[in-house]
Amino acid sequence: MIKKTNKIVFFSLTFYLVFICSTILNAQKQTEGIGLRFGLGPVLGFYSINTYHAINPKQKMSLMGSFKKEIKIDRGHKNFILIGVDYFIHGLNFKSYYFKPDSLKLYDKTFAYDYSLIINELGLPFQFKYSFNHENNSVFSPYFMIGYHLKYLLPANLKISQNGNQEKEDIVDLKFRNPFISNKLNSYVSATIGWQKNSVTRLKGSFYTEFNFRYGFSQYYFEENYSASSLYINSTHLYLHLGVKF
């Protein structure tokens, strides 16, 4: 199943990249450029976890990078479609059980071990953007976006310690509790407000800043013989994106 899912993800990414490249090659030389957007920014995460098996979820440092193609869909330079690829690295610390080999699994709510989980995701965004000003003749243009995003889970990194002494370091098979096609694949929706400084010539790019809220449709979890079962993790995110557009 994992190999089949990897093939699906590979062909999906290939299709997106081929589509983006072909669009760029066929783009007309207009004053607003060819619509390539590169962005990077920090992310604020809000996490909750199954309190029967863990407590005190706290965000780790998080970051998202994106590469998107912006396609104009009207003559007024106000409506656009965005597609591309995102890479999102985030994580959390929490306290839970740790069962050593051949030990008895006692769920006594002691939660004596510190977990550090780093999550890696690839995303395929599909967003609609509405600009409040005409981007071809306005120096500044605030905008609003809504989007639907497929996301695919890459292997996650896990460390477990007690009183500062590391007990376990592992690469875990993180999954979605409510899978879409595969337990590695799910989706989220997003809403964005942004502000863009437009270029007045084709030789100069524009830059933008945006705030985005994203809500996922499924919890994360992993299963290992040394960890508690049902470690279901909920999350929503706010991120600040800074980027350039050509």
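Along each chain, residues carry numbers from 1 onward, in the same order as the chain's sequence is written. Local features in this predicted model are restricted to residues of pLDDT 70 or higher, and side-chain atom pairs are both shown and tallied only at a pLDDT of 80 or more, whereas totals for entire chains, interfaces and linings draw on every residue. Excluding hydrogens and water, the side-chain figures rest on all heavy atoms present in the structure.

### Some remarks on the overall build of the protein chain
Here a strand is any run of E in DSSP of at least two residues, a helix any run of H or I of at least four, and the numbering for each starts at the N terminus. From N to C terminus, the protein chain includes 1 helix and 13 strands. Overall, the protein chain shows an N-to-C arrangement of helices and strands of α-β-β-β-β-β-β-β-β-β-β-β-β-β. When contacts within the protein chain are restricted to residue pairs at least 6 apart in sequence, those whose partners lie at least 24 apart make up 72%. Entry remark: accessible area of the protein chain is about 13,000 Å², with carbon and sulfur atoms responsible for 62%. What makes two residues a contact is simply this: any of their non-hydrogen atoms within 4.5 Å. Residue burial considers only the protein chains on display, and all accessible areas are found by Shrake-Rupley using a 1.4 Å probe.

### What to know about the pairing of strand β4 (residues 79-96)
Accessible area is worked out with a 1.4 Å probe on protein chains only. A residue is then buried under 20% of its type maximum, exposed over 50%, and partly exposed in between. In terms of burial, β4 is largely enclosed, as 14 of its 18 residues are buried. Judged from the 10 bridges that link them, strand β3 (residues 63-72) and β4 form a sheet pairing that is antiparallel. Within β4, the position partnered with K68 by the bridge is G84. For two strands to be treated as a pair, DSSP must find no fewer than two bridges joining them. Counting the residues that bridge the hairpin from β3 to β4 gives 6 residues, and of these H77 lies at a positive phi of roughly 60 degrees. With 16 bridges connecting them, β4 and strand β5 (residues 113-131) associate as antiparallel partners. Bridged to D86 within β5 is G123.

### Topic: the nonpolar core
Counting residues in hydrophobic clusters, the biggest one holds 26 residues, and the most contacted among them are F94, Y115, L117, L158, L174 and F222. Counting only elements with at least two residues in this core, the list comes to β1 (36-49), β4, β5 and β7 (156-162). With 4 residues, the single largest contributor to this core is β5. Leaving out residues up to four positions away in the same chain, Y115 has contacts with L92, N93, F94, S96, Y97, Y98, L158, K159, I160, F222, Y226 and S227. In plain words, nonpolar cores are sets of buried Ala, Val, Leu, Ile, Met, Phe, Trp, Tyr and Cys residues tied together by side-chain atoms within 4.5 Å.

### A word on the environment of D173
The topology assignment puts D173 in the loop between β8 (165-172) and β9 (175-176). Judged by relative accessible area, which is 28%, D173 ranks as partly exposed. With 17 residues separating them in the primary sequence, D173 and A156 have C-alpha atoms 6.6 Å apart. In the analysis that follows, any N or O atom pair within 3.5 Å is treated as a polar contact, provided that within protein one partner can donate a hydrogen and the other can accept it, and provided that, for residues neighboring in sequence, both atoms belong to side chains. Of note is the side chain of D173, whose polar atom sits 2.2 Å from the side chain of K184.

### Side note on the pairing of strand β10 (residues 185-197)
Pairing of strand β6 (residues 140-153) with β10, which is carried by 13 bridges, proceeds in the antiparallel orientation. By the bridge assignment for β10, M145 is matched with T192. Note that β10 and strand β11 (residues 206-216) share 10 bridges and pair antiparallel. Across the sheet, V189 pairs through a bridge with Y215, a residue of β11.

### Structural notes on the side chain of K175
Structurally, K175 can be placed in strand β9. His is not counted, nor are the chain ends, whereas Lys and Arg count as positive and Asp and Glu as negative. Criterion for a salt bridge: a side-chain nitrogen of Lys or Arg within 4 Å of a carboxyl oxygen of Asp or Glu. Of the buried charged residues, K175 lacks a salt bridge, with D173 as the closest side chain of opposite charge at 4.2 Å. When near neighbours in sequence (up to four residues on either side) are disregarded, K175 contacts L153, N183, Q219, Y220, Y221 and E223.

### Comments concerning unusual backbone geometry
Notably, F111 is not glycine yet its phi reads approximately 50 degrees, a positive angle. With respect to the helices, strands and loops of the structure, F111 is situated in the loop between β4 and β5. Its identity is not glycine, yet N163 carries a phi of approximately 55 degrees, on the positive side. With respect to the helices and strands, N163 occurs in the loop between β7 and β8.

### Here's the deal with the confidence of the model for the protein chain
Averaged over every residue, the pLDDT of the protein chain is 86; residues scoring 70 or more account for 85%. Of the regions scoring below 50 in pLDDT, residues 1-7 engages in 5 contacts with residues more than four places distant in sequence or in other chains. pLDDT under 50 marks residues 27-32. Its contacts with residues more than four places away, or in other chains, come to 12 contacts. Confidence of the predictor in every single residue is expressed as pLDDT, which spans 0 to 100.

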